[in-house]
Structure formats: structure tokens, C-alpha cells
Amino acid sequence: MEQNQSIEHVLENMDKNIVSKAKNSPFRIFLLFLSGLVFFVVNSVFVWETNSIYPPLLIVLGLTTIITGIFLLAFRREYYVSTRNHQRVKSTEVYFNVNERDKLVRLMETGNINGIKELKPSISDGLKLRVMATPDGQLCFSQVVAYVSNEYLNITNVQKHSPDDARYFAELFQQRRSK
């Protein structure tokens, strides 16, 4: 069986003038490092009684914040950004009843996304519609994903949508959240 590409794979292979990958700012991480150093400085500047709990507490707090900062720096999350308007591409998922698979695939392949409202929703079933879009809708991609044989498989190819379709998806997701 042929594997369809994921939305992330399509975004990574797009021109860098359209979409780029970015990481969260390390500012909060540097604040953690700074607070760890402050704990060590406070421990060494003040004179404590021999039976005081403050020196070991400050050393543990300093080490904990510095080690946490190192881990956060090493594992910063990456996300996609539209280079035209510097908006983050956000991912949203809507779950559908598994019995609606053929209808959902047909609707997505024909481009008739208005029929999605008639499909039976689910809380967490083996069929979902993934949409990654910017808030203004200039970039919008969708894909049907199904849980088959203990893994999620991309059922349809990634489809690019217009800003009007992106607004439709945003309204659909808002309606599903409010129910």
C-alpha cells in the first residue's frame, strides 16, 4: 500500500519563502539559568547558621532550575511559520465516527467540504480530519487520517485550501468545541 505524505512533510518541502520552521524563544530558559545562578549567589553571599536549612535548599533549587533549563533548551518545540505574514501554522483535529470514513474521504477528494457538517462526530474515534492553517487562512492544508492496525495512517493526500475554506474549517471547529 502506498503511503501518503503527512502535512508536516509537505510543509517541510515547501519553499522557504512561503513556510519556515521556527523554535520557541529561549528567553524563559535564560531566566531559569539566571534564577539558578541567583540561588547560588544568595547561598554564598549570606552567612548561615550551621543547622540552617537554607544553604542546602538554595543549592538544590539552583541545580534544579539550571538542569531544567538545560533540558528545556535541548528540547525546544519547533513549529511552522508563514514567512509572508509571520503567523504560526496551527494544527487542529476533528474526530468522526469510523463508519463515516468513505463519505469523509469522498468529500475531501471532491473538494465538497460543506458536506462535512452532516457527518457524525465522535469524541475520540479512529477517524480524524487534520487541518493545519494560519489564523488568516492564507495557508490551509487538510488530510484525513485513520487508525488502522495500531497506527495512524494518512488516508488522503494533503490538500491545499483557499482562505474561504480555512474560515469554513475554523467555524466548523468552533461549533464542534462549543457542543
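No experiment lies behind these values; they were computed from the predicted model shown.

Q: Quick question: what am I supposed to make of a nonpolar patch on the surface here?
A: Among the surface-exposed residues, Ile59, Leu63, Ile67, Phe71 and Phe75 lie close enough to one another that they form a single nonpolar patch of about 520 Å² accessible area. Here Phe71 lies in helix H3 (residues 54–74).

Q: Explanation requested: the pattern of salt bridges in the structure shown.
A: Charged atoms that come close allow side chains of opposite charge to pair. For the structure on display, the rule yields 7 salt bridges. The partner of Glu100 in a salt bridge is Lys103, with the nearest N and O atoms 3.7 Å apart. Accessibility expressed as a relative area gives 43% for Lys103, which makes it partly exposed. Because the salt bridges share partners, they merge into one network encompassing Glu8, Glu93, Lys128 and Arg130.

Q: Got a minute to help me understand the nonpolar core in this structure?
A: Taken as a class, soluble globular proteins show a tendency for nonpolar side chains to be buried jointly. In terms of nonpolar packing, the biggest core is built from 22 residues, with Phe96, Leu104, Met108, Ile116, Leu129, Val144 and Phe169 touching the most fellow members. Taken together, the elements giving at least two residues each to this core come down to strand E3 (90–96), helix H4 (101–110), strand E4 (127–133), strand E5 (140–148) and helix H5 (163–178). By residue number, the principal contributor to this core is H5, which donates 5 residues. The residues contacting Met108, other than those within four sequence positions of it, are Ile113, Ile116, Leu129, Ser142, Val144, Gln159, His161 and Phe169. Among the nonpolar cores identified, the runner-up in size contains 10 residues, and Ile7, Leu11, Leu139 and Phe141 belong to it.

Q: What is the right way to look at the side chain of Thr156 in this model?
A: Relative to the elements of secondary structure, Thr156 occurs in the loop between strand E6 (151–154) and strand E7 (159–160). At 3.0 Å, the side chain of Thr156 and the backbone nitrogen of Val144 are in polar contact. In contact with Thr156, not counting residues within four places along its chain, are Asn4, Val105, Glu109, Gln143 and Val144.

Q: I would appreciate a short explanation of the side chain of Asn154 in the present structure.
A: One can find Asn154 in strand E6. Residues contacting Asn154, with those up to four places away along its chain left out, are Asn4, Gln5, Ser6, Gln143, Val144 and Val145.

Q: Got a minute to help me understand the environment of Leu107 in this structure?
A: Locating Leu107 in the fold gives a position in helix H4. A C-alpha to C-alpha distance of 44 Å links Leu107 and Arg28, two positions 79 residues apart in sequence. If we skip the residues at most four places from it in the chain, Leu107 touches Asn112, Ile113, Gly115, Ile116 and Leu119.

Q: Quick question: what am I supposed to make of unusual backbone geometry here?
A: Excluding glycine, residues mostly carry a negative phi; peptide bonds, for their part, are mostly trans. The phi torsion at His86 lies on the positive side, around 55°, for a residue other than glycine. Along the chain, His86 falls in the loop between strand E2 (78–82) and E3. For Asn150, which is not glycine, the phi dihedral falls at a positive 65°. Position of Asn150 relative to the elements: it lies in the loop between E5 and E6.

Basis of the calculations
- Residues numbered from 1 in each chain as written.
- Predicted model: local features only at pLDDT ≥ 70, side-chain atom pairs only at ≥ 80, totals over all residues.
- Heavy atoms only, no water.
- Patch = residues over 30% accessible without salt bridge, like charges linked within 9 Å, V, L, I, M, F, W, Y side chains within 5 Å.
- Areas by Shrake-Rupley, 256 points an atom, 1.4 Å probe, with all protein chains shown as cover.
- Salt bridge = Lys/Arg side-chain N within 4 Å of Asp/Glu carboxyl O.
- Helix = DSSP H or I, 4+ residues; strand = E, 2+ residues; numbered from the N terminus.
- Buried < 20%, exposed > 50% of the residue type's maximum accessible area, 1.4 Å probe, protein only.
- Core = buried A, V, L, I, M, F, W, Y, C linked by side-chain atoms within 4.5 Å.
- Contact = heavy atoms within 4.5 Å.
- Polar contact = N/O pair within 3.5 Å; in protein donor to acceptor, adjacent residues only side chain to side chain.

The values are spatial; any link to function lies outside them.
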